[in-house]
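# Residue-level structural notes
This is what each chain is made of:
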Amino acid sequence: VATAGAPSRRAAARAAGAAGALGSRDTAFADALFCASTATAASPPPSLPLPRFILNSLTSPGFVAASLAAAAPGATFAEIGKRDIWSPARAAQERPDVRYAIVAIDLLPAARLASFVSRVAADAVAGGAPDLPRVEYPLAAAPSALRDVAAARHVGKVVVIVAAPAEPREDAPGAVWLITGGGGVLGGAAAR
């Protein structure tokens, strides 16, 4: 089950295999999942399964509590957000049965991060990770790309393409090389 703000993003989540896609602009997603957990014989549960693993990056007030409330008994909650993060003790007050972990890859030791990146890269090369949808913009349209990101009009990633400069040919007749600002050690090494 996925949450996403825009209808196009919810459709993309369903197309990618999510059993359901609910809104992420308010906590109504938790109500839908909580209804599934409290269904009775007279009121059959909706078709959405209760999440046994929650990967959270939602940061608005009430979202962590709502997600914890809708979790299956004994679920795992992995927090990857950077704001409004609860402590494990605070999460345990709300749901002592849920395993709560804060995951901050930017704070991992370099060797462990390198190991994870290598495993993800190998999986991607082997075809284990599908390409994310992306929208490409030329560098000249970078302001439009940023506006689309700010307005959440994209699904997947926004990529700004910077054209590679033409490779200079050392052996071209009459080739002229200009090095500006290269008076230091690095500039001297480049000039040599």
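## Points about the sheet that holds strand β5 (residues 99–102)
Within a sheet, adjacent strands bond to each other through the backbone by hydrogen bonds, running parallel or antiparallel. Read from one edge to the other, the open sheet built from 3 strands follows the order β3-β4-β5, with strand pairing classed as parallel. Two strands lie at the open edges of the sheet, namely β3 (53–56) and β5, each paired on one side alone. Between one strand axis and the next, the sheet turns by 15° as a mean value, whatever way the strands run. Two strands pair when backbone bridges link them, and strand β4 (residues 76–79) and β5 are joined in this way by 4 bridges, in the parallel orientation.

## Observations regarding the pairing of strand β6 (residues 134–138)
As judged from the 5 bridges shared by β6 and strand β7 (residues 157–161), these two strands associate in the parallel manner. Paired with V135 across the strands is V158, a residue of β7. The parallel pair β6 and β7 is bridged by helix α6 (residues 142–150), and the resulting crossover is right-handed.

## Some words on the side chain of S67
By the secondary structure assignment, S67 is in helix α3 (residues 63–70). Excluding anything up to four places from it in sequence, S67 contacts F29, I54, N56 and F77.

## What about the pairing of β3?
Only one face of β3 is covered, namely the face carrying I54 and N56; the face carrying F53 and L55 is uncovered. As judged from the 4 bridges shared by β3 and β4, these two strands associate in the parallel manner. Counterpart to N56 in the pairing with β4 is E79. Read as a crossover between parallel neighbours, the route from β3 over α3 to β4 is right-handed.

Calculation rules
- Residues numbered from 1 in each chain as written.
- Predicted model: local features only at pLDDT ≥ 70, side-chain atom pairs only at ≥ 80, totals over all residues.
- Heavy atoms only, no water.
- Pairing = 2+ DSSP bridges.
- Helix = DSSP H or I, 4+ residues; strand = E, 2+ residues; numbered from the N terminus.
- Axes fitted to C-alpha atoms, helices over the stretch in contact; angles between N-to-C directions.
- Right-handed = clockwise from strand over helix to strand, strands pointing away.
- Contact = heavy atoms within 4.5 Å.
- Buried < 20%, exposed > 50% of the residue type's maximum accessible area, 1.4 Å probe, protein only.

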